[in-house]
Amino acid sequence: MRKTTTKLADGRELIYYDRDESVSRDAPDRRPLEPVASLSEIRRDPVLGDWVTVAAHRQGRTYLPPADECPLCPSREGRPSEIPAADYDVVVFENRFPSLAADAAVRVAALDEPLRQGRPGTGRCEVVCYTSDHQASFATLGEAKARLVLEAWTDRTAELSALPDVRQVYCFENRGAEIGVTLAHPHGQIYAFPFTTARTGRMLAAAAEHRARTGRNLFEDLLAAERADPVRVVAVGEHWTAFVPYAARWPYECHLYPNRRVPDLTALTEAERAEFPRLYLDLLGRFDRLFGPPGPGGGPGPGPTPYIAAWHQAPRSGGEELALHLELFTIRRTVGRLKFLAGVESGMDAFVNDVSPEAAAHRLREVAT
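Cut-off values and rules
- Residues numbered from 1 in each chain as written.
- Predicted model: local features only at pLDDT ≥ 70, side-chain atom pairs only at ≥ 80, totals over all residues.
- Heavy atoms only, no water.
- Helix = DSSP H or I, 4+ residues; strand = E, 2+ residues; numbered from the N terminus.
- Rg over C-alpha atoms; globule rule 2.2 N^0.38 Å.
- Buried < 20%, exposed > 50% of the residue type's maximum accessible area, 1.4 Å probe, protein only.
- Contact = heavy atoms within 4.5 Å.
- Areas by Shrake-Rupley, 256 points an atom, 1.4 Å probe, with all protein chains shown as cover.
- Pairing = 2+ DSSP bridges.
- Axes fitted to C-alpha atoms, helices over the stretch in contact; angles between N-to-C directions.
- Expected span 1.5 Å × (residues − 1).
- Arc of directions from axis to C-beta.
- Disulfide = S-S within 2.5 Å.
- Phe/Tyr/Trp six-rings, centres within 6.5 Å; stacked < 30°, edge-to-face > 60°.
- Parallel < 35°, antiparallel > 145°, perpendicular 65-115°, else oblique.
- Left-handed = near helix turned anticlockwise from the far one by under 90°.
- Nonpolar A, V, L, I, M, F, W, Y, C, P; charged D, E, K, R; others polar.

**Student:** Mind laying out the overall build of the protein chain, listing which residues take part and the relevant values?
**Tutor:** In terms of helices and strands, the protein chain carries six helices and 17 strands. Its C-alpha atoms give the protein chain a radius of gyration of 21 Å, within 12% of the compact-globule value 21 Å for 369 residues. Overall size of the protein chain, expressed as C-alpha extent along the three principal axes, is 65 × 60 × 45 Å. Burial statistics for the protein chain: of 369 residues in total, 50% are counted as buried. Summarising the internal contacts of the protein chain: among those between residues at least 6 apart in sequence, 65% fall at separations of at least 24. Accessible area for the protein chain stands at about 17,400 Å²; split by element, carbon and sulfur atoms hold 53% of it.

**Student:** Requested: an account of unusual backbone geometry, with residues and values cited.
**Tutor:** Among all residues except glycine, the phi angle is most often negative; among peptide bonds, the trans geometry is most common. Positive phi, close to 45°, is recorded for L64, a residue that is not glycine. With respect to the helices and strands, L64 occurs in the loop between β4 (51–54) and β5 (90–94). A positive phi is found at D349, a non-glycine position, where the angle reads about 55°. With respect to the element layout, D349 can be found in the loop between α5 (343–348) and α6 (357–366). Here D349 falls in the partly exposed class, since its relative accessible area comes to 45%.

**Student:** I'd like a description of the sheet that holds strand β9 (residues 168–175), backed by residues and values.
**Tutor:** Overall, antiparallel pairing links the 11 strands, which are arranged β1-β2-β5-β8-β10-β9-β14-β15-β13-β12-β11 in an open sheet. If you trace the sheet from one side to the other, it starts and ends with β1 (2–7) and β11 (233–236), each paired once. Neighbouring strand axes in the sheet, compared pairwise and without regard to direction, differ in orientation by 20° on average. Across five bridges, the pairing between β9 and strand β10 (residues 187–193) is antiparallel. Considered in β10, the bridge of C171 is made with I190. Its contacts with the sheet put helix α2 (residues 198–214) on β9, β14 (307–312) and β15 (325–330), and the angle it makes with β15 is roughly 120°.

**Student:** Help me get a handle on the pairing of strand β3 (residues 41–44), residues and values and all.
**Tutor:** The pairing of β3 with β4 spans four bridges and is classified as antiparallel. Residue pairing for β4: R44 is matched across the bridge by W51. Hairpin connection of β3 to β4: six residues between the antiparallel strands, including G49 at a positive phi of 80°. Relative to strand β7 (residues 116–120), β3 runs antiparallel, the two being bridged by four bridges. Looking across to β7, one finds that R43 is bridged to G118.

**Student:** Residue-level account of α2, with values.
**Tutor:** Over its 17 residues, α2 runs 24 Å from end to end, which matches the ideal 24 Å to within 8%, given 1.5 Å per residue. For α2, the full list of buried residues reads T200, M203, L204, A207 and H210. One face of α2 carries all of its buried residues, which in axial projection span an arc of 125°. Structural note: α2 exposes R202, A212 and R213 on the side pointing more than 90 degrees away from its buried face. Turning to α2, the residues buried within the fold contact β9, α3 (218–228), β14 and β15. Following α2 by one or two positions, G215 has its phi on the positive side, about 80°.

**Student:** Describe in detail the state of the cysteines, supporting the description with residues and values.
**Tutor:** Enumeration according to the criterion identifies zero disulfides in this entry. Looking at the unpaired C70, the closest cysteine sulfur is the one in C73, lying at 3.8 Å. Here C129 stays unpaired: no disulfide links it, and the sulfur of C70, its closest cysteine neighbor, is 7.8 Å away. C129 sits in the buried class, given a relative accessible area of 0%.

**Student:** Now, about the packing of aromatic side chains: what can you tell me, with residues and values included?
**Tutor:** On inspection of all chains with the given rule, the structure shows 18 aromatic pairs. The interplanar angle of 70° and the centroid separation of 6.5 Å between the aromatic rings of W153 and F276 together place this pair among those described as edge-to-face. Linking W153 in helix α1 (residues 143–161) with F276 in helix α4 (residues 270–289), this pair joins segments that are 123 residues apart in sequence. Comparing W153 with F276 shows no difference in burial state: the two are buried. Here F276 and W311 contribute two aromatic rings whose centre-to-centre distance is 5.4 Å and whose plane-to-plane angle is 40°, an arrangement assigned as tilted.

**Student:** With reference to specific residues and values, describe the packing of α1 against α4.
**Tutor:** When two helices pack together, you describe them by how their axes are tilted relative to each other and by the distance separating the axes. As a packed pair, α1 and α4 sit with axes 9 Å apart at the nearest point and diverge in direction by 120°. By the criterion of interaxial angle, the relationship of α1 to α4 is oblique. Between α1 and α4 lies a crossing whose hand is right-handed. Contact with α1, carried on its side by E143, A146, R147, L150, E151, W153 and T154, involves E270, R273, A274, F276, P277, R278, Y280 and L281 of α4 and no other residues of that element. Here the contact of α1 with α4 is built from residues that sort into eight nonpolar, one polar and six charged.

**Student:** Run through the sheet that holds strand β6 (residues 111–113), naming residues and quoting values.
**Tutor:** Taken in spatial order, the four strands of this open sheet run β4-β3-β7-β6, and their pairing is antiparallel. Strands at the two margins of the open sheet, each flanked by one partner only, are β4 and β6. Neighbour-to-neighbour, the strand axes of this sheet turn through a mean angle of 25°, independent of strand direction.

Structural data, given as structure tokens:
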């Protein structure tokens, strides 16, 4: 792999990841861009104890542009984009409309009162472009390109974790307009948070309770139990296992764990990295086949399955009990129908699932190629 770091016209960092180590990346960004100014701040909810990010400057971000104006496609004559090169393998760059940014510290003052605690929204938000092909998806990348994306995720996790204000690194993909995606080009994001997220905090609390009660690790016991009674297991490799969780919140939800507990992507072995692309691409293909093929003659059908893919990694400190894993889920519950987070879920954080986890696992096994 060849890694080339450069700067965009407004000073944001851009990184090319190439399989061909001889490739040269020297195309300049000639756009007349003003420097990005972030007014991000984080505020602590005094009732729940969670940190909420306030980033009002993001209201003007790019929203569903036509394909020929996509800012994630390679630049071409008369149509410069966020990527100056005429083609690329994988690219990572700082988001032009970040929720969190390093310069927030000089623009937002801290507040420390009993019921009003606030901090600058320091951190970093990056965009990960999986391919230059606007019509592709992660599922169509092929194993070599998927491995390159994994290397990019790993490299960014290492570098962002080392930043002084960063407490947790989160790699994820939102796919589909139903999820709220504003750019159709195949891409994901990375957030470097200045706090440990609420969901991770709850995981760590459950792991601590399990350790105190049993003397064992929660995630190791969980994986062992699913493999011992494989009614919800979807796919098994030498180094990874995919299963639908016993208490799945979403209609179709699948978790992918390394068989060996590690804290984050940087701790994976070469063998684990080599096997991941095959299993993950298999899972994404199954998700796209869940609701059937396109209509007759290639006409309108259910369309690609919208999903969220979320890497859970240990925070910078205090995360010794957490296990790296990927959670993949869709908000589609059947053809033409979505799972909305309405009063019970949004108001009380009490999920009601319309599909039994065992039925979901059976269906995901059924749509294997």
